[in-house]
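These are the residues of each chain, in order.
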Amino acid sequence: MKRIHTLTVTMICTAALAASSFVSLSYGAELTGAVEREPFDSYELPGTQAGLAVLNLRKSKNGQCGDDLSWTLDDEGKLTISGTGKMWDFTGSNYSPWFGSSSDVKTVVVKSGVTSIGELAFYLCPNLQSITIPSGVKSIGSYAFSGCFSLQSITIPYSVNSIGKDAFYQCHDLKTMYYNGTETEWSYINIGTGNDFLTFESCKKNYGVKFATGVSLNKESLTLSPGKTSSLSAVLIPEDAVLKTMIWSSADPGIAKVDNNGTVTAVAEGETIVTAMSDAWGYSADCTVVVPRRMKPVNTFVGGQKVDVKAIYFSSHPEVTRFQSSSKKTASVSKKGIMKAKKPGNVTIEAMTGKKKAERKTVSSCSLTILEKPKLKFKAKYSAASDIGKVLDGYEFFTTASTKQTAADLWESSKPAVAEINPETGVITIKGKGTATITAYFGKKGEKGTLKVKAKLKVKK
């Protein structure tokens, strides 16, 4: 990052920040970066002596923050601390490893197993809004949340017995605290000076609340056909725990996607994992989603389709001279072995030798099922204002019921910018306004005898 100012200071004041919102700090040492900060009245830098400390502002996304603790910062600004044992204490000469990305941090989740919050752990994270501290944490170090100007809520477990000096200094927006002990137990905590924004009445204290210990899903597995939907529900354990918001995600949205309410939509053949994670507590539960491929039934064709049965069923019999259908109303067959499917029903095609009727002999046969001729129609007009991203199952728009029992060989959209379609599954995704022609092919595209079924899909403004 570009260097804007280099200062050797022991106190930062509003006047020092007036010229720029970017400040780079070093204590008699080489500058290593620049970081954006929100203005504040004044702040005395803790734990340092001028000329000794280097402020390391390298950006990183993961690392170690205790002998047996690790941290990760995701693209949404969630910083997660996991592992077992104490978090390291940090100093003015050794800031937290995420300090270079501190302005990116919006929420912090400390997972069960962590036993302390280190000194200066989240010092000057100006955009941090909430933090969840689980049962088992015994202490919150000095300056741990100092300068977290946007911090609005925090959970503190009754296992905490000490909160260090200035741990919540300059936390102007802290309005809500959840504590799973009693008000009397809260009074026993040794709270250091400089924590007025936590202790004053402006921060509402919620005593005796339940903390989450896990997440439960109503289904561990789910099988959906492409385009179909199913709702998952997730609850905290125990169910009356506070901070119930869930974050839903799919490991592969190309197979199955999930919305913010837990509604899963199958998109294409495959298997993926849908996860419900507690936004505050970090606990999660998984559901395995399987999307099977729509299989084309063996020896099944649709009305209007022409098929070379000689090549498909009788290629091992070059001696065949003619073919015969058991029901010409269901399907006719030419002397060259081209079958034309007509009406629904079952038919047997015989392959025969012999030119004269008296000499004819059946050497092989195949039994086929003919379904009614497909018809495709999109009755509804979709809206770009409300239906963008909506997923449709193309097969649901066949007006011929029996067609839904088979599978088209290929699907196409004339305008993917309006309606995108999976060529194998027929799953349609609404993309924008306009009119797209959806085509289902029964047989190979471009091959003589292949049946094409078309319909227009309209998306209005």
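About the criteria used
Residues numbered from 1 in each chain as written. Predicted model: local features only at pLDDT ≥ 70, side-chain atom pairs only at ≥ 80, totals over all residues. Heavy atoms only, no water. 1 Å grid on protein atoms, 1.4 Å probe; cavity = no way out; pocket = protein on both sides within 12 Å on 5 of 7 lines; lining within 4 Å. Points joined across faces, edges and corners; volume = space filled by probe spheres on them. Helix = DSSP H or I, 4+ residues; strand = E, 2+ residues; numbered from the N terminus. Nonpolar A, V, L, I, M, F, W, Y, C, P; charged D, E, K, R; others polar. Pairing = 2+ DSSP bridges. Axes fitted to C-alpha atoms, helices over the stretch in contact; angles between N-to-C directions. pLDDT = per-residue confidence, 0-100. Contact = heavy atoms within 4.5 Å. Salt bridge = Lys/Arg side-chain N within 4 Å of Asp/Glu carboxyl O. Buried < 20%, exposed > 50% of the residue type's maximum accessible area, 1.4 Å probe, protein only.

(A) Up close: the layout of surface pockets. The volume enclosed by the largest pocket comes to roughly 470 Å³. In this structure, the largest pocket is lined by 21 residues; those nearest its centre are Q305, K306, V307, I312 and E447. With three residues, the single largest contributor to the lining of the largest pocket is strand β27 (residues 306-308). Within the lining of the largest pocket, the residues separate by chemical class into eight nonpolar, six polar and seven charged.

(B) Representation of the sheet that holds strand β22 (residues 256-258) in the model. Across the sheet, which stays open at both edges, the three strands sit in the order β19-β23-β22 with antiparallel pairing between neighbours. Each edge of the sheet is formed by a strand with only one pairing partner; in this case those strands are β19 (229-231) and β22. Averaged over all pairs of adjacent strands, the angle between their axes in this sheet comes to 20 degrees, without regard to strand direction.

(C) How the structure looks around the confidence of the model for the chain. Put simply, the chain has an average pLDDT of 87, and 87% of its residues get 70 or more. In the predicted structure, residues 1-56 sits below a pLDDT of 50 and forms 110 contacts with residues beyond four places in sequence or in another chain.

(D) Region of the structure containing the pattern of salt bridges. Going through the model one piece at a time under the given rule, you end up with ten salt bridges. A salt bridge links K296 to D409; the nearest nitrogen and oxygen atoms lie 3.6 Å apart. Residue K296 is located in the loop between β25 (284-291) and β26 (300-302), and its partner D409 is located in the loop between β34 (391-393) and β35 (410-413); the two are separated by 113 residues in the primary sequence. Put simply, E269, R293 and E424 are held in one network by salt bridges that share partners.

(E) Molecular detail of unusual backbone geometry. Residue P238 follows I237 across a cis peptide bond; omega there is -5 degrees. By the element assignment, P238 lies in the loop between β20 (234-237) and β21 (246-250). Of note in the backbone geometry, L120 takes a positive phi value of approximately 55 degrees without being a glycine. With respect to the helices and strands, the residue L120 is situated in the loop between β9 (116-117) and β10 (130-132). With a phi angle near 55 degrees, L124 is a residue other than glycine that sits in the positive phi range. Residue placement: L124 occurs in the loop between β9 and β10. Residue classification places L124 among the buried residues on the basis of a relative accessible area of 5%.

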